[in-house]
Structure formats: structure tokens, C-alpha cells
Amino acid sequence: MVVSRFAPSPTGYLHLGNARTAIFAYLFARHHRGKFILRIEDTDRERSTKEFEEMLLEDLKWLGLEWDEFYRQSERFDIYREYAQKLLDNGHAYPCFCTVEELEKEREEAEKKGIPYRYSGKCRLLSKEEVEAFKREGKPFTIRFKVPDGRVVVFEDLIKGAISIKVDDFGDFVIVRSDGSPTYNFVVVIDDALMGVTHVIRGEDHIPNTPKQILIYEALGFQVPKFAHLPVILGEDRSKLSKRHGAVSVRNYREEGYFPEALFNYLCLLGWSPPNTEREIFSKEELIELFRLEDVNSSPAVFSKEKLRWLNGVYIREVLSLDRLVEEFMPFLEREGLSAEKDYVRKVLEKTRDSFETLKEGVERLKVFFVEEVSYSQEAISLLENENSRRVLELFLHKLQERDNLSGQVVKELAKEIQKELNLKAKDVWHTLRASLTGELEGVGVDIICDVMPKEKVIKRIVRALGRF
Ligand code: GLU
């Protein structure tokens, strides 16, 4: 059975790049009817926090990723200790008593000679007796993995192709720190092996770690999994996507009013596309069906906020149900201190869902439907102060009295009559109506307002506009 995993460290918000890694690992597992594991890599006690972990889980769930098994590395220290002991026992690891100062000196000497630093391997040579004596003295020690001399580790990456790395340059690396905490390259192997992970799908920044991990698999007699390293995501200036490029966490986008379906869809397109199609809109089910690692691009993908925004707009206009749109719109409305009946919101969105691309933008644009009183822009004030505007509004109110109902159709008829009777241009009439109903000269259509807003509210706005000027 195929088993993949996502292994985030809870040291910050879920980054878009990590979210894409999670999505690819998830799709791969689901496509093969396999298992998807979530593993919290919180061995770095100083940088990991419970809050970040909670937010990670929340964001992953929000994105629609459900996992089959869950682990937390901080709860598995006994297991790591056991395997560190195995490596000591079978001679693939050894205790190192070098002090920080000694190591610093080695480093400085290498620097002076202009050669890259690697640990000298000094403690490899300690006899059993020396080790025992140091331990009796209570000298602190790390555990180092013995890197075999002269090895070149070769592996076939499912995305990058064959990769070979000379391990001589590594030097014997630490697998357990002097405080007893195990290091990433060590625990990741133990976990992936014991959890039965068949495919390690992660960012290409981990390629240099892979040979170290392969050596540990071999030393413990574990089967080496397949590796698939995903290319980095770049910003539009072609440098690695980071905070400098603006919002880069899933949470940012969630708060802006992006839909998880749209973000999921967009992240999939960052470095992947199914062959022989120009299509860009895919449901999660379709993505599960179509996703293959062979179709992941081996060169970096460029993140475009504009494209994501466009895609979110497509979801709002065409993909999501009106009910869902209403459901998600409500909290955004409330966040702005506005409220309305669901049915009313529904009526508004039914007519306006094609006019915004994020929920936040939607609330901003559609505020006029929900506020008690509009505030007028400078241009609107100037227009409404005009004598013609007063005449338009008075006549409009008068005509409205003769109509039982107001609608987009009715307002169109009335505007035409007013235009003729007052001998004005159509534009003048519409601008005046819009300014009094929305406080702006541009924006939501007057006909839509009249279709949706109760007649009394329309009258109230016109009366207020008249009273002010
Ligand atoms: N905790 C590592 C990270 O966040 C995971 C690396 C891996 O997937 O092996 O980068």
C-alpha cells in the first residue's frame, strides 16, 4: 500500500509552499487509495509551539486535507532513544565528547586553510575504556553517525531524476544532541520507516539531507522509501517566495476571503498540470483522480497572486453554490460590524456574485446594501448639490409613489421618463440616483439595488439625500 506523509514543524503559520507539499502528498496517497499521515515535527522545543500546531491543524482541515494517522515527534522520544542505542550497538554511531570550544577550533582551522569544515572524526577513535571513563566523569556527549568513507549515495528522485551525492564532505553528523534530543535527519528516518512510508514527498530544500537519511536507513536495515522532491515556489521576481512578496501563509488568504477550494485548486497548478488539457478548474475529486507525480514539473513554479485572485473569482461566480457563498459571506459581513438576514444576503449575492473576487472585497463593494445610511464621497456631494439633481430626486420620489413595487425594470422605466420630462442626459439621471443610493458615482448598479433593497429603504435614502442638499 502507498503511504505518504506531511511532516510540518510547528514553528510558524502554514506557508503556501508547505501547503502545496501537503496537498501533493495527500493527492498522491488518495489517488493510490493509500494512507496519508500527518506528523508534527516538534523536536525543536525552542521554536515549536502548541499554538502554531493548533493553527497548522486548523489550516490543513480548512484546506480540506484529512489525514488517516497522526503523530507528534515529541511523544516518541523513547523510540528514538531505542534506535540510537541500536546504532551505537551495531557500530554505526559513537558518542562524541568534543566540547563546543574544541569543535569551534576545528572549524577555525578549516577556515584558515580555506577548506570546507567537517568534523574530524576524532571521537571515532576512542577506546571502550576511554568512553566509559568520560561517562563516569559525567562529561556531556552527543551521538554521531559514522559516515562511511568514500561513499557516493545515489538515488532516483521521482521528480528530479537520478541524484548522486558524495557523502565524504558531510563528516560524521550528530543524531542525538548533548541534551538527549534527537536531530531531524535521524528521527525522520525512524518515523518514516516505522510508519511504513513508501513515498517521501517534500520540498527540494531537503535534497542535501536525503543521502544522510539513506545511510541511516541502510545502517538500520530498513527499506529505503522512494523520494519525490518538489521544486521551490518563486515570487514574480524569481526569488524564493517569502514574506517579502506579501501574504504567504494560508491563514492570510483565509482572512482575505479566499475559498479553500480555490486555494487548493490554485496550489495544485503550481508546478503540476494534467497532460493534454488547458483546463484549470478542478474539484478535489478530479484532482485525486488525475494527480500523478510524473506530471509534476521539475523546474520552479512562479506564484501569482493575481491568478489566485482570478481563480477565487471564478469559484465565487461559477463554481460554488449560492448557499455556500452566503454561509461564508456572513462572518465577513459581521466582522465589518454589519448584519443582515440570510435571505436578504442571498438575494444580494445572487445578483452581485460576479462583481468581486474575494469575500473581503465583496463586503467592501456591497456595503451599500447593508449599511443604515451611506456616506457620500466628495464627488457625490458635489453632484447632489446640483439643482438638476434635486429635481431628479423629487420627481423620482413622486413617481415612485404611483408604483406598488420597485425593481430594476421599474427604475429603468422611471429613469427614462425623468430624463425626458426634465430634458436631461441618461447619464445625469443615473449618476444622481446612484450618488443618493450608494454615496458614490461608481459601483453597484442602481437597477440591482432596486431589485434587491426594500422600497422603503430606497425611499429613505432618496429623502435623506434631498434633505442634505
Ligand atoms: N519538518 C520538515 C520540514 O518542515 C519535514 C521534512 C520532511 O518532510 O522530511 O521541512
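Below you will find a few notes about this structure. Fair warning: this is a prediction, and the values are worked out from it, not measured in the lab. (Residues numbered from 1 in each chain as written. Predicted model: local features only at pLDDT ≥ 70, side-chain atom pairs only at ≥ 80, totals over all residues. Heavy atoms only, no water.)

**Let's talk about the overall build of the protein**
Step number 1: Scanning the protein for helices and strands turns up 20 helices and 12 strands.
Step number 2: Computed over C-alpha atoms, the radius of gyration of the protein comes to 32 Å, more than 25% over the 23 Å expected from 2.2 N^0.38 for 469 residues, which places it beyond the range of a compact globule.
Step number 3: Structurally, the protein occupies a C-alpha span of about 110 × 45 × 40 Å along its principal axes.
Step number 4: The buried share of the protein, reckoned over its 469 residues, is 50%.
Step number 5: Put simply, of all contacts in the protein between residues at least 6 apart along the chain, 75% involve residues at least 24 apart.
Step number 6: Here the protein displays about 23,200 Å² of accessible surface, and carbon together with sulfur accounts for 47% of that area.
Step number 7: Taking the average location of the 73 positive side-chain charges in the protein and that of its 82 negative ones, the two points are 1 Å from each other. (Helix = DSSP H or I, 4+ residues; strand = E, 2+ residues; numbered from the N terminus. Rg over C-alpha atoms; globule rule 2.2 N^0.38 Å. Buried < 20%, exposed > 50% of the residue type's maximum accessible area, 1.4 Å probe, protein only. Contact = heavy atoms within 4.5 Å. Areas by Shrake-Rupley, 256 points an atom, 1.4 Å probe, with all protein chains shown as cover. Lys, Arg positive; Asp, Glu negative; His and termini not counted. Charge placed at Lys NZ, Arg CZ, Asp CG, Glu CD.)

**What about the nonpolar core?**
Step number 1: Membership of the largest hydrophobic core comes to 108 residues, with the highest contact counts inside it found for Phe369 and Phe370.
Step number 2: Take this core: its biggest share by element is 10 residues, from helix α1 (residues 16-31).
Step number 3: Sequence-distant contacts of Phe370, defined by excluding residues within four places in its chain, comprise Phe329, Leu333, Leu338, Ala340, Tyr344, Val345, Val348 and Lys457. (Core = buried A, V, L, I, M, F, W, Y, C linked by side-chain atoms within 4.5 Å.)

**Structural notes on the pattern of salt bridges**
Step number 1: Inspection of every chain in the model, using the stated rule, returns 45 salt bridges.
Step number 2: With a closest N to O distance of 3.1 Å, Glu58 and Arg251 form a salt bridge. Of this pair, Glu58 sits in helix α2 (residues 50-63) while Arg251 sits in helix α8 (residues 250-256), and the two are 193 residues apart along the sequence.
Step number 3: Note that Glu102 and Lys122 form a salt bridge whose closest N and O atoms lie 3.5 Å from each other. Highlighted residues: Glu102 in helix α4 (residues 100-113) and Lys122 in the loop between α4 and α5 (128-137), separated in sequence by 20 residues.
Step number 4: Classification of Glu102 by relative accessible area gives partly exposed; the value is 31%.
Step number 5: For Lys122, a relative accessible area of 42% corresponds to the partly exposed category. (Salt bridge = Lys/Arg side-chain N within 4 Å of Asp/Glu carboxyl O.)

**Considerations on the packing of aromatic side chains**
Step number 1: In this structure the tally under the stated criterion is 19 aromatic pairs.
Step number 2: Taken together, a centroid distance of 5.1 Å and an interplanar angle of 75° make the contact between Tyr253 and Tyr258 edge-to-face. For the pair Tyr253 and Tyr258, one class covers both residues: buried.
Step number 3: For the pair Trp272 and Phe282, a centre-to-centre distance of 6.1 Å together with 65° between the ring planes defines the contact as edge-to-face. Of this pair, Trp272 sits in the loop between α9 (260-268) and α10 (284-290) while Phe282 sits in the loop between α9 and α10; the two residues are 10 residues apart in sequence, bridging distant segments of the chain. By the burial criterion, Trp272 is buried, and Phe282 matches it.
Step number 4: Through a chain of ring-to-ring contacts, the aromatic side chains of Phe329, Tyr344, Phe356, Phe369 and Phe370 assemble into a single cluster.
Step number 5: In this structure, Lys212 packs its charged tip against the face of Phe173, placed 5.2 Å from the ring centre. (Phe/Tyr/Trp six-rings, centres within 6.5 Å; stacked < 30°, edge-to-face > 60°. Lys NZ or Arg CZ within 6 Å of the ring centre and 35° of its normal.)

**Observations concerning helix α6 (residues 184-194)**
Step number 1: In terms of residue burial, α6 counts as a mostly covered element, since eight of its 11 residues are buried.
Step number 2: Regarding α6, the residues found buried are Asn185, Phe186, Val187, Val188, Val189, Ile190, Asp191 and Asp192.
Step number 3: Buried residues along α6 sit in contact with β1 (3-6), β2 (35-40), α3 (77-89), β8 (174-176), β9 (199-203) and α7 (210-220).
Step number 4: The first or second residue beyond α6 is Gly196, which carries a positive phi of 70°.

**What to know about the pairing of strand β3 (residues 69-72)**
Step number 1: Bridge count for β2 against β3 is four bridges, and the pairing is parallel. Across the sheet, the residue bridging to Arg39 is Tyr71, located in β3.
Step number 2: Crossover handedness for the path β2 to α2 to β3: right-handed. (Pairing = 2+ DSSP bridges. Right-handed = clockwise from strand over helix to strand, strands pointing away.)

**Observations regarding unusual backbone geometry**
Step number 1: One non-glycine residue, Asn276, lies in the positive phi region at around 60°.
Step number 2: When you line up the elements, Asn276 lands in the loop between α9 and α10.
Step number 3: When its relative accessible area of 82% is taken as the criterion, Asn276 is described as exposed.
Step number 4: A positive phi angle, near 60°, is found at Asn423, a position not held by glycine.
Step number 5: Note that Asn423 resides in the loop between α17 (408-422) and α18 (426-438).
Step number 6: Owing to a relative accessible area of 69%, Asn423 belongs among the exposed residues under this scheme.

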